[in-house]
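Observations on the three-dimensional arrangement
Below are the chains, spelled out letter by letter.
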Amino acid sequence: MRIFAFILLVSLCQIVLAEQYRSKLFLDPGKQLSESSQLSLKDLELQINSMTNAYSKSSTGRYLARHYVNGKNYSKAIEYYRTALSAEGLSGVANDVLLKELAGIYVLNKQYKEAIGSLDQLSSTPIKEQDTSIIILRAQAYYGLSDYLSVVETLDEIMPQGHTLSDLQLKQMLGLYYKSGSYVQSEKILQTLINRAPQIFSYWQQLTSIFLMQNKHKRALDQLSLARQKQLQFGTKDILLLADLYVANSAPEKGARLFQQAIAAGEIENNEKYNKRLFEYWLQARENEKATETLKRAIKHIKDFELFIRLAQLQMEQEDWQGMNSTMLFACQKTLDDKYVSRANLLLGVSQLKLGDKTNARASFINSTLISGAGDKARAWLKYMNAERPESDELRAITGPCHPEERKVRYVKHNAPQRAEPIVNAPIESSSEVIAVNTKTVPSQSLYGIKLSVEPEDLASSIKNQAFRTGVSLVKTGGTINGPLHILFDGALSEGEPIKFRLAFPYKGKPKNKGPYRAKKAPEFKCTYYNYTGPASDIFSAWARLYKQTNDAGFTPNGESRMVLTVDDSGDTPEMLFELQLGIL
């Protein structure tokens, strides 16, 4: 009976104490729940330091620490975790849980050394046998200290059991491996995730990116093409990347076909930008007829006049005179910028002559000679067709469909304007075709390319072949083309001697040097310049003209010179427009 009475008394006391606590915490009619809770926490904080019972002090410290973790007050949480541990009132297993929690808070608070110190105090199991979450936490602390080698070594302890880890743990490891530069291990984790959930396209994208980071272009292509075969949801950027990977792996025809199908299916917008890209793919595949058909289908979307020029030149190579004529007439429905007028009239004239319209062909060729650009070729065509010399009224204004806004005959003038007399039959050495010299400063830019030495007569074919190889090398090593082809000369040009130059593309990204190809920073370049169109064998005369004009204008050449190739056809007889740039002091 006494024992029963004692048990009953203890039970009643516990009920009374519980009711008193509940009353204090929840049943105060003058306070909200949150306010009462704060009062209770403040009471606990005031009392914890005076507690003499180790278990009570550790338990209270643990409770307060976890409360402040929930409130993201990590400094206060750390304080009470330490209090709970220093009281030594809990079991070894419970202390290990607290140490793990404390290490996690240290990481959140960017106290990485303290996090590792807490994990080193774990007593229950050796480091190699600790659970995965503790090992990942240790790796996170090492990463915070930028100790990437220790990150990788720590994670490698659990890598063999990757198939048993949760997706969350694998993603945590992936992030740490990737940021630490361990791409091979990143590949393995992503392959595990793909095997588990092949429908999640982001895993495929990430694995492709990691292959590209290592310049494994063939594996990147295999990975992304397999995802395409599985009919995963590709976006525009993914299709562009896959097409580029086909090109980089010497399969431009597959890239072009993929891109064309994507446009037809509505996956990629049918606009000028993407049709131009498809056009370039077909050219790289040496499928000139398909390249032509691409621009013909998209002709209503074209705004870039250079594309009309390139389409007409391809049609000329294919002897499609009616198509060439239709292209130029369509292109010339709007007034043209000055820089296109001469070439447009030249191409229009060729198509008219080949269709038997000699009268209009003669007028178009004369128009081509009246403004700088392709005048030399137009004069050659006039001579070929035994055309009558132009009358004086034919030399006063540009007529016909391909005309600029201002039809009056003039030449490009940016400095002091001078009188210009049009000369139809002048040789290329004549300096009267461009009276005033143009100047500009080319900004500093990054260029990726190769040094070459070629004979003048081989210049065009060498540029065509090496430009393609340089572009492929640039893409394969992690860069993208960001502008027209540049040719930077080593010293002065000497007639009869091989031409030594550096062929390079402006680029974006971080391409690596590979073989003879180098990525370099070109400094700012002040120069005079002139747009030249003509055979490579006459290029020295064009340079001589620019040298003379530069000196006559009072400028001093600095010994440097460049050419920028703004038109590049991939046919057997490329039509090239060079901007000649002569460096000045």
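Residues numbered from 1 in each chain as written. Predicted model: local features only at pLDDT ≥ 70, side-chain atom pairs only at ≥ 80, totals over all residues. Heavy atoms only, no water.

**A closer look at the packing of aromatic side chains**
We apply this condition: In this analysis, rings of Phe, Tyr and Trp, with Trp reduced to its six-membered ring, are considered paired at centre separations within 6.5 Å, and the interplanar angle assigns stacked below 30 degrees, edge-to-face beyond 60, and tilted for intermediate values.
If you walk through the whole model with that rule in mind, you get 14 aromatic pairs. One aromatic cluster is present, formed by Phe305, Phe308, Phe330 and Tyr340 through successive ring pairs.

**Some points on the layout of surface pockets**
The test is simple: Here a cavity means grid points, on a 1 Å grid over the protein atoms only, where a 1.4 Å probe fits yet cannot get out; a pocket means an open set of points with protein on both sides within 12 Å along at least five of seven lines; lining residues are those with an atom within 4 Å of a point. Grid points are joined across faces, edges and corners, and a volume is the space filled by probe spheres set on the points. Secondary structure counts use DSSP, requiring at least four H or I residues in a row for a helix and at least two E residues in a row for a strand, with both numbered from the N terminus. Under the scheme applied here, ten amino acids are nonpolar (Ala, Val, Leu, Ile, Met, Phe, Trp, Tyr, Cys and Pro), four are charged (Asp, Glu, Lys and Arg), and all others, including Gly, are polar.
Roughly 2100 Å³ of internal volume is contained in the largest pocket. At the level of elements, helix H11 (201-213), helix H13 (236-248), helix H15 (272-284), helix H17 (305-317), helix H22 (459-476), strand E3 (479-481), strand E5 (499-509) and strand E8 (557-567) are the ones that each hand at least two residues to the lining of the largest pocket. With 8 residues, H22 is the largest single contributor of residues to the lining of the largest pocket. Per-class residue counts for the lining of the largest pocket are 21 nonpolar, 14 polar and 15 charged.

**A few points about helix H18 (residues 321-331)**
To keep it simple, the criterion reads: The classification of residues rests on relative accessible area computed with a 1.4 Å probe and restricted to protein chains. Under 20% of the type maximum is buried, over 50% is exposed, and intermediate values are partly exposed. Here, residues are in contact when the closest pair of their heavy atoms is within 4.5 Å.
Along H18, the positions that sit buried rather than exposed are Trp321, Gly323, Met324, Asn325, Thr327, Met328 and Ala331. Against H17 and helix H19 (338-354) lie the buried residues of H18.

**Thoughts on the confidence of the model for the chain**
To keep it simple, the criterion reads: Per-residue confidence from the prediction method is given by pLDDT, with values spanning 0 to 100.
Looking at the chain, pLDDT values average 79 and 82% of them are 70 or higher. This model gives residues 411-435 a pLDDT under 50, and the stretch forms 53 contacts once residues within four places in sequence are excluded.

**Observations regarding the state of the cysteines**
Basically, it comes down to this: By convention in this document, the label disulfide applies to cysteine sulfur atom pairs within 2.5 Å.
A complete count under the given rule lists 1 disulfide for this structure. Bridging Cys332 to Cys402, the disulfide has an S-S length of 2.0 Å. Given an S-S torsion of about 90°, the disulfide between Cys332 and Cys402 has right-handed geometry. With Cys332 in the loop between H18 and H19 and Cys402 in the loop between helix H21 (375-384) and strand E1 (438-442), the pair connects residues that are 70 residues apart, well separated along the chain. Taken individually, Cys332 and Cys402 each receive the classification buried, so the pair is uniform in this respect.

**A word on the pattern of salt bridges**
Defined as follows: A carboxyl oxygen of Asp or Glu within 4 Å of a side-chain nitrogen of Lys or Arg is what we treat as a salt bridge.
Counted according to the given criterion, the structure contains 18 salt bridges. Across the pair Glu187 and Lys216 runs a salt bridge, and its minimum N-O distance is 3.0 Å. Highlighted residues: Glu187 in helix H10 (residues 183-196) and Lys216 in the loop between H11 and helix H12 (217-229), separated in sequence by 29 residues. Residue classification places Glu187 among the buried residues on the basis of a relative accessible area of 8%. Judged by its relative accessible area of 26%, Lys216 is partly exposed. Across the salt bridge formed by Glu280 and Arg310, the nearest N and O atoms sit 2.7 Å from each other. With Glu280 in helix H15 and Arg310 in helix H17, the pair connects residues that are 30 residues apart, well separated along the chain. Owing to a relative accessible area of 11%, Arg310 belongs among the buried residues under this scheme. Connected via shared salt-bridge partners are Glu187, Lys216 and Arg219.

**Here we look at the packing of helix H5 (residues 92-108) against helix H6 (residues 112-120)**
Note the cut-off: Here an angle of 0 to 180 degrees is reported between the N-to-C directions of two axes, which are lines fitted to C-alpha atoms, with helices fitted over the stretch in contact. Should an angle fall under 35 degrees it is called roughly parallel, over 145 degrees roughly antiparallel, and 65 to 115 degrees roughly perpendicular, with every other angle called oblique.
Relative orientation of the contacting elements H5 and H6 amounts to 170°, with a least axis distance of 8 Å. One way to sum up the angle between H5 and H6 is to call them roughly antiparallel. Touching Leu99, Leu102, Ala103, Tyr106 and Val107 of H5 are Tyr112, Glu114, Ala115, Ser118 and Leu119, all from H6. Split into classes, the residues belonging to the contact of H5 with H6 amount to 8 nonpolar, 1 polar and 1 charged.

**Considerations on the side chain of Thr477**
Stated precisely, the cut-off is as follows: N or O atoms closer than or at 3.5 Å make up a polar contact, with two conditions inside protein: a donor-capable atom paired with an acceptor-capable one, and, for residues adjacent in sequence, both atoms drawn from side chains.
Here Thr477 lies in the loop between H22 and E3. From its side chain, Thr477 meets the backbone oxygen of Leu474 in a polar contact 3.3 Å long. Those residues in contact with Thr477, other than ones at most four positions away along the chain, are Asn215, His217, Tyr448, Lys510, Pro511, Lys512 and Lys514.

**As for the pairing of strand E7 (residues 525-533)**
Applicable threshold: Two strands qualify as a pair provided that DSSP identifies no fewer than 2 bridges between them.
Within E7, 7 of the 9 residues are buried, leaving the element largely enclosed by the surrounding structure. Summarising the sheet, E1 and E7 pair through 5 bridges and their orientation is antiparallel. Among the inter-strand pairings, Val442 is bridged to a residue of E7, identified as Phe525.

**So, the pairing of strand E2 (residues 445-454)**
With respect to burial, E2 is a largely interior element, 8 of its 10 residues being buried. Inspection of the sheet shows E2 paired to E5 by 8 bridges, in the antiparallel sense. If you follow Ser453 over to E5, its bridge partner there is Lys500.

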